[in-house]
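A closer look at the structure
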Amino acid sequence: MPEGRLVIGSKRYSSWSLRGWLAVQLAGLDVEEVLIALEAAPSAAIQAATPTGLVPYLEHREAKVWESIAIAEYCAEQAPGLWPEDRVLRAHMRAIAAEMHAGFRGVRQAMPMNLGRDFAGGGRTAEALADIARIEAVWREARALCGGPFLGGAAFGLVDAMYAPVVTRFITWRPEIRAEAWDYVEAVRAHPLMERWYAEAAAEPEAWRLDKYENPAHAPGA
Ligand SMILES: N[C@@H](CCC(=O)N[C@@H](CS)C(=O)NCC(=O)O)C(=O)O
């Protein structure tokens, strides 16, 4: 019998859900996955299932956790090792994970997540390009500190979970980034948990498709 549940939204679109889901998978929590389709307007089903009307939302052995960064920290308590062991490196990874959670609105607004489309060349607003320059610097510094291929070193960890939706956005929108940043994109995309999320997104019903994500404002030719 599962020890709780993780409520998430459509895998094709829900970037915050991907973060929470990766954290829960990395920690190996035994929870039921409750998948609710995102809608054109805020979803009544998500509002009924969560305290904030937002996904991801985790219940695990009486703990109730919302906000993807808090879910990541809860998972780290359950499965030590998901942050680097070294105090200084751990502080660095937490800082860049928090930076992701709090920011990069330029990329998030101009390049929404859509795992099934190719919007190469679109979304290049000034705000998105400024965010992308910072993201490249964040990735470069982390991988130099920890040796790569992931941000915290050899293993895919919570910091990678926080940046995974950016990786999917780069695959969909193809911004001009350096080869070393593409190396990181490819390493994350090839991880078995990402393979699984992409496959499950592709299997979602067509009826779940939403115009705002299929025809976003900054798509090429829009
Ligand atoms: N700050 C929150 C953001 C969560 C969020 O905005 N989730 C979106 C989906 S990606 C949502 O639940 N939207 C409500 C809806 O579409 O009904 C987190 O880190 O978890």
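The shown structure was predicted, so the numbers you read here are calculated from the model rather than taken from an experiment. Numbering of residues starts from 1 in each chain and follows the order in which that chain's sequence is written. Reporting of local features is limited, given that this is a predicted model, to residues whose pLDDT is at least 70; pairs of side-chain atoms are given and counted only at 80 or more, and all residues count toward the totals for whole chains, interfaces and linings. With hydrogens and water stripped out, all remaining heavy atoms of the structure feed into the side-chain values.

Here's the deal with the UniProt feature "domain: GST N-terminal" (unreviewed entry) in the protein
UniProt positions are given in the numbering used here, feature names are shortened, and annotations may be inferred rather than shown by experiment. Residues given the UniProt feature "domain: GST N-terminal" (unreviewed entry) here are residues 4–83. As annotated, residues 4–83 comprises 38% helix and 24% strand, and the C-alpha atoms at either end are separated by 23 Å. Under the scheme used here, helices are H or I runs from DSSP no shorter than 4 residues and strands are E runs no shorter than 2 residues, and both carry numbers assigned from the N terminus.

Topic: the packing of aromatic side chains
Aromatic pairing here means that ring centres of Phe, Tyr or Trp (its six-membered ring) are within 6.5 Å. Orientation follows from the plane angle: under 30 degrees is stacked, over 60 is edge-to-face, and everything else is tilted. Per the stated rule, a full pass over the model turns up 8 aromatic pairs. Ring geometry for Trp139 against Tyr163: centres 6.4 Å apart, planes inclined by 80°, an arrangement best described as edge-to-face. With Trp139 in helix H6 (residues 126–146) and Tyr163 in helix H7 (residues 158–173), this residue pair connects regions lying 24 residues apart in the sequence. With 5.5 Å between their ring centres and 55° between their planes, Trp139 and Phe170 make a pair best called tilted. In this pair, Trp139 is assigned in helix H6 and Phe170 in helix H7, connecting sequence segments 31 residues apart. Note on Phe170: relative accessible area 0%, which makes it buried. Taken together, the ring pairs connect Phe104, Trp139, Tyr163, Phe170 and Tyr184 into an aromatic cluster. Charge over a ring is defined by NZ of Lys or CZ of Arg lying within 6 Å of the ring centre and within 35 degrees of the ring normal. The ring of Trp16 has Arg19 lying over it, and the distance from NZ or CZ to the ring centre is 4.1 Å. The ring of Tyr198 has Arg189 lying over it, and the distance from NZ or CZ to the ring centre is 3.7 Å. Residue exposure (1.4 Å probe, protein chains only): buried if accessible area is under 20% of the type maximum, exposed if over 50%, otherwise partly exposed.

Quick look at the pairing of strand E1 (residues 4–9)
Looking along a regular strand, one sees the side chains alternate between the two faces of the sheet. When DSSP finds two or more bridges between two strands, those strands count as paired. As judged from the 4 bridges shared by E1 and strand E3 (residues 57–60), these two strands associate in the antiparallel manner. Residue pairing across strands places Arg5 opposite Glu59, the latter belonging to E3. Across 5 bridges, the pairing between E1 and strand E2 (residues 32–36) is parallel. For Arg5, the partnering residue across the bridge sits in E2 and is Glu32. Taken together, E1, helix H1 (residues 15–27) and E2 form a β-α-β motif whose crossover is right-handed. Seen with its strands pointing away from the viewer, a crossover is right-handed when the path leading from the first strand over the helix to the second is clockwise.

Notes on the site of the ligand
We define proximity as follows: a residue is near a molecule or strand when any one of its heavy atoms falls within 4 Å of that partner. Contacts to the ligand come from 13 residues, most closely from Ser43, Val55, Glu67, Ser68 and His101. Within the backbone of Val55, one N or O atom sits 2.8 Å away from an oxygen atom of the ligand. Between the ligand and the protein, one listed contact pairs a nitrogen atom with a side-chain N or O atom of Glu67 at 2.6 Å. Where accessible areas are quoted, they stem from the Shrake-Rupley method and a 1.4 Å probe; at the residue level, only the protein chains shown are allowed to cover. In isolation the ligand offers 520 Å² of accessible surface; the protein chains occlude 82% of this area. Amino acids are sorted into nonpolar (Ala, Val, Leu, Ile, Met, Phe, Trp, Tyr, Cys and Pro), charged (Asp, Glu, Lys and Arg) and polar (every other residue, Gly among them). Looking at the shell around the ligand, its residues break down into 7 nonpolar, 5 polar and 1 charged. Pairs of N or O atoms are called polar contacts if they sit within 3.5 Å, as long as, within protein, a hydrogen donor faces a hydrogen acceptor (for residues adjacent in sequence, only side-chain-to-side-chain pairs).

What to know about the environment of Thr50
Mapped onto the elements of the fold, Thr50 is located in the loop between helix H2 (44–49) and E3. Assessed through its relative accessible area of 7%, Thr50 is described here as buried. Note: C-alpha distance between Thr50 and Lys64 (14 residues apart in sequence) is 9.5 Å. If we ignore the near neighbours within four places in the chain, the residues touching Thr50 are Val7, Val55 and Tyr57. Contacts are residue-level and defined by heavy atoms, with any inter-residue pair within 4.5 Å sufficient.

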